[in-house]
Amino acid sequence: MEISLPEQLARRVRRLAELVGLDANAVLVDRLSFVLPPVLDEIDLRPVETLSDNELTILADGAGDMTHDQLARLHTLEKADILTGIEKTELQMLTEFYDTEQTRRKAALVEAMRRGLREE
């Protein structure tokens, strides 16, 4: 993958790399790993109509919600007005992930009712 950076940002990356004794690529990988958490890899965007009955039931029941505790912790820090910049970014991303999952959960419940797996 090739990324083009604005010159000012590239200078900051090179300077940070010099300060910590790493190459610029290592610095970018380190920084990006903070703002692009692994939880993004876990989003299943398959249409709910294509899920097996078991997968649909798990999604409709909300099992496996890994983000709730982390969101609660970040919201607590936000209310105390002590979020760092990285935590603000993480909160925004986790909120978007959570909202996406909630929308999928609702769609899964509708599909589960359509299939007769849940009562209205």
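Here's what I pulled together on the structure shown here. On a predicted model such as this, the values are computed, not experimentally measured, just so you know.

### Quick look at the overall build of the protein chain
In terms of helices and strands, the protein chain carries five helices and zero strands. Residue burial in the protein chain is summarised as follows: out of 120 residues, 23% are buried. Residue pairs at least 24 apart in sequence account for 61% of intrachain contacts in the protein chain once pairs closer than 6 positions are excluded. By element, 55% of the accessible surface of the protein chain is carried by carbon and sulfur atoms, the whole surface being about 8,700 Å².

### As for the packing of helix α3 (residues 53-61) against helix α5 (residues 85-114)
When two helices pack together, you describe them by how their axes are tilted relative to each other and by the distance separating the axes. Direction vectors running N to C along α3 and α5 enclose 125 degrees, while the axes themselves pass 8 Å from each other. Between α3 and α5, the crossing angle belongs to the class labelled oblique. The handedness of the crossing between α3 and α5 comes out as left-handed. Contacts between α3 and α5 involve Leu56, Leu59 and Ala60 from the former and Glu101, Arg104, Arg105, Ala108, Leu109, Glu111 and Ala112 from the latter. Looking at the contact of α3 with α5 residue by residue, the class counts come to six nonpolar, no polar and four charged.

### Quick look at helix α4 (residues 67-79)
Given a rise of 1.5 Å per residue, 13 residues ought to cover 18 Å, and the 18 Å separating the end C-alpha atoms of α4 matches this to within 8%. Within α4, burial applies to Thr67, Leu71, Leu74 and Leu77. Summarising the axial view, the buried residues of α4 lie within an arc of 125 degrees, below the 170-degree limit, and thus occupy one face. Exposed and oriented more than 90 degrees from the buried face of α4 are Asp69, Thr76 and Lys79. Packing partners of the buried residues in α4 comprise α5. Positioned one or two residues after α4, Asp81 has a phi angle of 60 degrees, which is positive.

### A look at a nonpolar patch on the surface
Together, Met1, Ile3, Leu5, Leu9 and Leu32 make up a nonpolar patch on the protein surface, roughly 520 Å² of accessible area in all. Along the polypeptide, Leu5 turns up in the segment before α1 (7-20). Judged by relative accessible area, Leu5 falls into the partly exposed class, the value being 30%.

Thresholds applied
Residues numbered from 1 in each chain as written. Predicted model: local features only at pLDDT ≥ 70, side-chain atom pairs only at ≥ 80, totals over all residues. Heavy atoms only, no water. Helix = DSSP H or I, 4+ residues; strand = E, 2+ residues; numbered from the N terminus. Buried < 20%, exposed > 50% of the residue type's maximum accessible area, 1.4 Å probe, protein only. Contact = heavy atoms within 4.5 Å. Areas by Shrake-Rupley, 256 points an atom, 1.4 Å probe, with all protein chains shown as cover. Axes fitted to C-alpha atoms, helices over the stretch in contact; angles between N-to-C directions. Parallel < 35°, antiparallel > 145°, perpendicular 65-115°, else oblique. Left-handed = near helix turned anticlockwise from the far one by under 90°. Nonpolar A, V, L, I, M, F, W, Y, C, P; charged D, E, K, R; others polar. Expected span 1.5 Å × (residues − 1). Arc of directions from axis to C-beta. Patch = residues over 30% accessible without salt bridge, like charges linked within 9 Å, V, L, I, M, F, W, Y side chains within 5 Å. Salt bridge = Lys/Arg side-chain N within 4 Å of Asp/Glu carboxyl O.

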